[in-house]
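In case you want the letters, here they are:
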Amino acid sequence: MTPEARAQRHFNPGNGWVSHLCHEPRVSLAVLQDILAPHLSAGRLRLLTDHKPIAAETDRDVVRAVSVQDLRRNEQRVLTAPRFIDATELGDLLPLTGTEFVTGAEAQKETGEPHAPAEAQPGNQQAFTCCSRWITSTARITRSRNRPSTPFGASTSRR
């Protein structure tokens, strides 16, 4: 870590303004893989990466099935489940379900929001952001050569 980074009140790679802790997507991926690993290995969860939703079967407001395209094998499969989570960057599943939704910035006349643009801007979408709460009042990030590290090279100790 550079002296400048160490001197920051809040360590914030990238100096993002939306949070005190911003980081590269690969850091989140490593943390999420670590969190999901026990559920994946026990068969309680199935995670499909490199798949694209291409169709959805709905019954009123309930999504019954989602057809996806495996982008690596160029195969299609139909998924059924009690719940579906759309983890795409821009909500790719929404239009396939017929769900009512709005993208981008809505017009001021539609919402009454004083800082909204005069005209709707459907393509004006914020980059993908994941927010989480981290309690740091009693934790300190340290580097240790004697202990195993977390996926992103730091371990936490309490004082």
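Residues numbered from 1 in each chain as written. Predicted model: local features only at pLDDT ≥ 70, side-chain atom pairs only at ≥ 80, totals over all residues. Heavy atoms only, no water.

**Observations concerning the overall build of the protein**
So the rule is basically this: Counting from the N terminus, the helices are DSSP H or I runs at least four residues long and the strands are E runs at least two residues long. Only protein chains enter the area calculation, which uses a 1.4 Å probe; residues under 20% of their type maximum are buried, those over 50% are exposed, and those in between are partly exposed. Each accessible area is a Shrake-Rupley result for a 1.4 Å probe, and residues are judged covered by the shown protein chains and nothing else.
The secondary structure content of the protein amounts to four helices and five strands. Mapped from its N terminus to its C terminus, the protein presents α and β elements in the order α-α-β-β-β-α-α-β-β. Here the protein holds 159 residues, and the buried ones make up 13% of them. Total accessible area on the protein is roughly 13,600 Å²; 52% of this is exposed by carbon and sulfur atoms.

**Section: the sheet that holds strand β1 (residues 51–59)**
Put simply, the rule is: Strand pairing requires that DSSP identify at least two bridges connecting the strands. Fitting a line to C-alpha atoms yields each axis, with helices limited to the stretch in contact; the angle taken between N-to-C directions then spans 0 to 180 degrees.
In spatial order, the strands read β1-β2-β3; together these three strands make up an open sheet with antiparallel pairing. Of all strands in the sheet, those bounded by a partner on one side alone are β1 and β3 (75–80). When strand polarity is set aside, the average angle formed by the axes of neighbouring strands in this sheet is 20°. Note that strand β2 (residues 62–70) and β3 share six bridges and pair antiparallel. Residue A65 lies in a different strand from β3, and its bridge partner there is T80.

**What about the pairing of β3?**
Little of β3 is tucked away: zero of the six residues are buried. Where β2 hands over to β3, the hairpin turn is made up of four residues, of which N74 adopts a positive phi near 55°.

**Thoughts on helix α2 (residues 25–41)**
Put simply, the rule is: For a helix, the expected span equals 1.5 Å multiplied by the residue count minus one. Bend, at a single residue, is the angle you get between axes fitted to the 7 residues ending at that residue and the 7 residues starting at it.
Taking 1.5 Å per residue, 17 residues should reach 24 Å; α2 reaches 23 Å between its end C-alpha atoms and fits that length. Approximately 40° is the largest bend angle found in α2, and it occurs at I35, with the proline P38 only one to four residues beyond. Looking one or two places after α2, you find G43, whose phi comes out positive at around 80°.

**As for the confidence of the model for the protein**
What counts here: Within a predicted model, pLDDT stands for the predictor's per-residue confidence, ranging from 0 to 100. Should any heavy atoms of two residues lie within 4.5 Å, those residues are considered in contact.
Taken residue by residue, the protein gives an average pLDDT of 79. The fraction at 70 or more is 79%. Confidence scores differ between elements of the protein, with strand β5 (residues 155–158) showing the lowest mean pLDDT of 38 and β3 the highest of 95. Contacts for the low-pLDDT stretch residues 141–159, under 50 throughout, to residues beyond four places or in other chains number 25 contacts.

**A closer look at the side chain of T97**
Under the convention used in this document: Pairs of N or O atoms within 3.5 Å make up the polar contacts considered here, provided that, within protein, one atom can donate a hydrogen while the other can accept it, and that residues adjacent in sequence are counted only when both atoms are side-chain atoms.
Position of T97 relative to the elements: it lies in helix α3 (residues 94–97). Looking at T97, its side chain comes within polar contact range of the side chain of T99, at 2.4 Å. Those residues in contact with T97, other than ones at most four positions away along the chain, are A56, T58 and V63.

**What to know about unusual backbone geometry**
Although it is not a glycine, R60 sits at a positive phi angle of roughly 60°. With respect to the secondary-structure elements, R60 resides in the loop between β1 and β2. For R60, a relative accessible area of 81% puts it in the exposed group. Even without a glycine there, the phi angle at N74 is positive, about 55°. By secondary structure assignment, the location of N74 is in the loop between β2 and β3.

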